[in-house]
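Next come the chains, spelled out residue by residue.
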Amino acid sequence: MGHKIILTGTTGKLGSVVFKHLLQLIPASDIIVSVHNPDGHEELKDKGVEVRSGDFNDPESLVLTFKGGDALLLMSLPSRDDEYRIQGHTQVIDVARKAGVKHIYYTSLAFGDESDAKVMKAHYATEEYLKHDDIACTIIREGPYMTSYPLYLGFYETSSDTVAVPGDGKVAFAAREDLGEATAKIIASGDYNGKTVTLTGSKAYSLQEVTQLLSQELKKDIAFQKVSDEEFLKRNEDKRDVAEWWLSTYATLEKGGLATVDPTLEQLLGKKPRQLEEVLRDSLQNAKAGDKELAQWVSH
Ligand SMILES: NC(=O)c1ccc[n+]([C@@H]2O[C@H](COP(=O)([O-])OP(=O)(O)OC[C@H]3O[C@@H](n4cnc5c(N)ncnc54)[C@H](OP(=O)(O)O)[C@@H]3O)[C@@H](O)[C@H]2O)c1
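First things first, this report covers the structure right here in the doc. Just so we're clear, the structure is a prediction, and the values are computed from it rather than from any experiment.

**Observations regarding the overall build of the protein chain**
Phase 1 of the analysis: In terms of regular secondary structure, the protein chain is built from 14 helices and eleven strands.
Phase 2 of the analysis: On C-alpha atoms alone, the protein chain measures out to a radius of gyration of 19 Å, which is about the 19 Å that the 2.2 N^0.38 rule sets for 300 residues.
Phase 3 of the analysis: Judged by the C-alpha coordinates and their principal axes, the protein chain covers about 60 × 35 × 35 Å.
Phase 4 of the analysis: Buried positions account for 54% of the 300 residues belonging to the protein chain.
Phase 5 of the analysis: Of the contacts formed within the protein chain by residues at least 6 apart in sequence, a portion of 77% connects residues at least 24 apart.
Phase 6 of the analysis: With an accessible surface of roughly 13,400 Å², the protein chain has 48% of that area assigned to carbon and sulfur atoms.
Phase 7 of the analysis: Of the side-chain charges in the protein chain, 35 are positive and 47 negative, and the distance between the mean point of each set is 3 Å.

Right under this line is the structure:
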């Protein structure tokens, strides 16, 4: 019997890439896929992996799901509700320990330490919970997705000629495809026990620089404006909740919390990570993919 790894989040944008690469690195028979909503995911079974049902909010069901697993990829929940996320993550950790899982890999976010950004609250809480548990863990701080640029640019939609943000600073964006591949390599290595790994792109860009790149790609002038917090909220009145939540990110950005370029992603890939210019171009060719991704953020 091999070393069994349980994957969560496989139906999602990052988890599906991790899955694709892991299939090339370890035997499919060593992979158990825990799916939140198993309906309509027959293609997973065709890959030769075992598919089990697993809802983070139903700990009873997870006991059976995690049985026989040696390691677990805990994919962070997509939500702005901290309590919901923290409860879901800690329940998963508790059940994994009881089920005999020996190593948890957690997908956190590369905002550096001690950020006041609300998006980090559940990540820090989960990281702390894992560090104080006797189970082996690896915290993977995934770089901000390049395709999340509309969010960083203050909910920018491609129809607009203005980017208005309440702060600026460099961001070491990373391509989701690269993050997924590197995450799969970390898991397949069976290594990195007790480590916090930060995965970022090879260059950090200010939001003003991203706006210039976007201007070039969209072939139009896009004005870049730094606005007050109040003005930012006023401009995003139609999505006040998410705007208030996201506003807290800009102080971290201004302090350089997202600016650090870490070489680990490049080392794991064995080549230069994808560049923002390339990913922006692909994303913009794909019928307003950025606008679609933004709509998802607003709805979570
Ligand atoms: N690094 C970044 O810039 C960045 C950007 C966005 C998000 N994130 C974080 O990274 C995570 C993965 O990102 P993503 O882009 O892959 O998100 P995504 O496409 O929304 O995928 C989220 C995954 O979580 C699963 N899920 C949702 N609710 C669940 C539950 N109650 N129990 C178990 N699984 C559940 C979904 O399964 P179903 O499809 O079956 O619901 C899906 O597989 C996000 O959840 C978020 O925490 C990071």
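**So, the nonpolar core**
Phase 1 of the analysis: The biggest cluster of nonpolar side chains holds 40 residues, and the ones touching the most others in it are Tyr152 and Phe232.
Phase 2 of the analysis: Only α6 (149-152), β7 (162-165), α8 (207-218), α9 (229-235), α10 (240-247), α11 (249-254) and α13 (276-285) provide two or more residues apiece to this core.
Phase 3 of the analysis: With five residues, α10 is the largest single contributor of residues to this core.
Phase 4 of the analysis: Every residue in contact with Tyr152, bar those within four places of it in the chain, is listed here: Phe111, Pro144, Val165, Phe173, Leu207, Trp246, Tyr250, Leu253 and Leu258.
Phase 5 of the analysis: Core analysis: the next-biggest nonpolar cluster, separate from the first, contains 29 residues, Leu14, Phe19, Leu179 and Val197 among them.

**As for the side chain of Asp133**
Phase 1 of the analysis: Following the sequence through the fold, Asp133 ends up in the loop between α5 (121-131) and β6 (136-142).
Phase 2 of the analysis: Asp133 gets classed as buried once you look at its relative accessible area, which sits at 12%.
Phase 3 of the analysis: Not counting residues within four places of it along the chain, the set of residues in contact with Asp133 comprises Ile93 and Arg97.

**Quick word on the packing of aromatic side chains**
Phase 1 of the analysis: The tally for this structure, following the rule as stated, stands at six aromatic pairs.
Phase 2 of the analysis: Both rings, one in Trp245 and one in Trp246, keep their centres 5.8 Å apart while their planes meet at 35 degrees; by these two values the pair is tilted.
Phase 3 of the analysis: Its end group placed over the ring of Tyr145, Arg176 keeps NZ or CZ at 4.6 Å from the ring centre.

**With respect to the packing of helix α3 (residues 59-66) against helix α4 (residues 82-99)**
The packing of two helices is summarised by the inter-axis angle and the distance between the axes.
Phase 1 of the analysis: As a packed pair, α3 and α4 sit with axes 9 Å apart at the nearest point and diverge in direction by 40 degrees. Overall, the two elements α3 and α4 adopt an arrangement that is oblique. Crossing of α3 over α4 shows right-handed handedness. Residues Pro59, Leu62, Val63 and Phe66 of α3 touch α4, and the partners they reach there are Gln91, Val92, Val95, Ala96 and Ala99.
Phase 2 of the analysis: Among the residues forming the contact of α3 with α4, the class breakdown is eight nonpolar, one polar and no charged.

Rules used in this analysis
- Residues numbered from 1 in each chain as written.
- Predicted model: local features only at pLDDT ≥ 70, side-chain atom pairs only at ≥ 80, totals over all residues.
- Heavy atoms only, no water.
- Helix = DSSP H or I, 4+ residues; strand = E, 2+ residues; numbered from the N terminus.
- Rg over C-alpha atoms; globule rule 2.2 N^0.38 Å.
- Buried < 20%, exposed > 50% of the residue type's maximum accessible area, 1.4 Å probe, protein only.
- Contact = heavy atoms within 4.5 Å.
- Areas by Shrake-Rupley, 256 points an atom, 1.4 Å probe, with all protein chains shown as cover.
- Lys, Arg positive; Asp, Glu negative; His and termini not counted.
- Charge placed at Lys NZ, Arg CZ, Asp CG, Glu CD.
- Core = buried A, V, L, I, M, F, W, Y, C linked by side-chain atoms within 4.5 Å.
- Phe/Tyr/Trp six-rings, centres within 6.5 Å; stacked < 30°, edge-to-face > 60°.
- Lys NZ or Arg CZ within 6 Å of the ring centre and 35° of its normal.
- Axes fitted to C-alpha atoms, helices over the stretch in contact; angles between N-to-C directions.
- Parallel < 35°, antiparallel > 145°, perpendicular 65-115°, else oblique.
- Left-handed = near helix turned anticlockwise from the far one by under 90°.
- Nonpolar A, V, L, I, M, F, W, Y, C, P; charged D, E, K, R; others polar.

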